[in-house]
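# Analysis of the macromolecular model
Each chain, letter by letter, is given below.
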Amino acid sequence: MNVVVVANFDSMSAEVAKMVFAQIVRKPDSVLGLATGSTPLGVYSLLAEYHARGTDFSRLTTFNLDEYVGLAPDHPQSYHWYMRENFFSKVNIKPDRIFIPNGMAEDLEAECLRYDELIKQAGGIDLQLLGIGSNGHIGFNEPGTEFGTTTHIVDLAESTIRDNARFFESIDQVPTRALSMGIKSIMQAKEVILMASGGSKADAVCAAVKGPVTTAVPASVLQLHPCVTFVVDQAAASRL
Ligand code: GLP
């Protein structure tokens, strides 16, 4: 595992955007795994700048990690909306090469199977971006998630609902379930980059990097991945 410690949010974003850019240069038809949350926002805006300066994104395929159950794509807190607002509307990825789990599917189990099949058909994920929850979750794989999981339906942890309540008018409006790529899906990516910024992530980063590999801290499984880089700012690295 490589751990790169940088000064702050902006340098974390610049470092990760550069790594994604390098991946696109090396393999223009890469399959990227994308994350949401506040952490990757700087990366998306820098990638949009790369595009504005001429980088072609048209051969990429993208798979998002997760989506809330019950939020339609036009709901401002859905991850469909987030991705369109913050990234897809600013680059030239083909709409039919963009994949996000459908949290409105009538048959959620079938949607999970369909999503895994789509990843397989695309040849697997070349580079997976991750944030980390304050409880160590990756995607929406909460503590206790088995390492063998593929895309699945998740009951969100209380702490995650609380963390994410800031984006909703009230905590009652935060969905309690989500669809998420599983731990196995993430571990099958050829390369993984986990980003973290701020002191609220320091315990989770420390447990993920230095603690035992345990389902109690989902991100700790990344210690077993052959090609993973943590790009963390000084505040998030403060317990390392
Ligand atoms: C959500 C997302 C995760 C993300 C985490 C951290 O729960 N499902 O993919 O990593 O939040 O979010 P933030 O980056 O806003 O701290």
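First things first, this report covers the structure right here in the doc. (Residues numbered from 1 in each chain as written. Predicted model: local features only at pLDDT ≥ 70, side-chain atom pairs only at ≥ 80, totals over all residues. Heavy atoms only, no water.)

### A short note on the nonpolar core
Taken as a class, soluble globular proteins show a tendency for nonpolar side chains to be buried jointly. Core analysis: the largest hydrophobic core is formed by 31 residues, its most contacted members being Phe63, Leu130, Ile138, Leu194, Leu222 and Phe230. When contributions to this core are tallied by element, the ones reaching two or more residues are helix H4 (108–121), helix H6 (183–187), strand S9 (191–196), helix H7 (202–210) and strand S10 (228–233). If you tally residues by element for this core, the top one is H7, at 4 residues. Beyond its immediate sequence surroundings of up to four residues, Leu222 is in contact with Met1, Leu130, Ile186, Met187, Val192, Leu194, Val228 and Phe230. Among the nonpolar cores identified, the runner-up in size contains 27 residues, and Met12, Val16, Val20 and Leu34 belong to it. (Core = buried A, V, L, I, M, F, W, Y, C linked by side-chain atoms within 4.5 Å. Buried < 20%, exposed > 50% of the residue type's maximum accessible area, 1.4 Å probe, protein only. Helix = DSSP H or I, 4+ residues; strand = E, 2+ residues; numbered from the N terminus. Contact = heavy atoms within 4.5 Å.)

### A few points about the layout of surface pockets
With a probe scaled to a water molecule rolled over the atoms, the places where space remains empty come into view. In this structure, the largest pocket encloses a volume near 660 Å³. In terms of lining residues, the largest pocket is bounded by 35 residues, among which Thr36, Gly37, Ser38, Asn164 and Arg166 are the most central. Contributing elements (two or more residues each) for the lining of the largest pocket: strand S4 (66–68), helix H3 (79–86) and helix H5 (158–164). Partitioned by chemical class, the residues of the lining of the largest pocket number 15 nonpolar, 16 polar and 4 charged. In this structure, the second largest pocket encloses a volume near 200 Å³. Taken together, Asp116, Ile119, Lys120, Gly124, Ile125, Thr150, Met181, Lys184, Ser185, Gln188 and Ala189 form the lining of the second largest pocket. Counting residues per element, the lining of the second largest pocket draws most heavily on H4, at 3 residues. (1 Å grid on protein atoms, 1.4 Å probe; cavity = no way out; pocket = protein on both sides within 12 Å on 5 of 7 lines; lining within 4 Å. Points joined across faces, edges and corners; volume = space filled by probe spheres on them. Nonpolar A, V, L, I, M, F, W, Y, C, P; charged D, E, K, R; others polar.)

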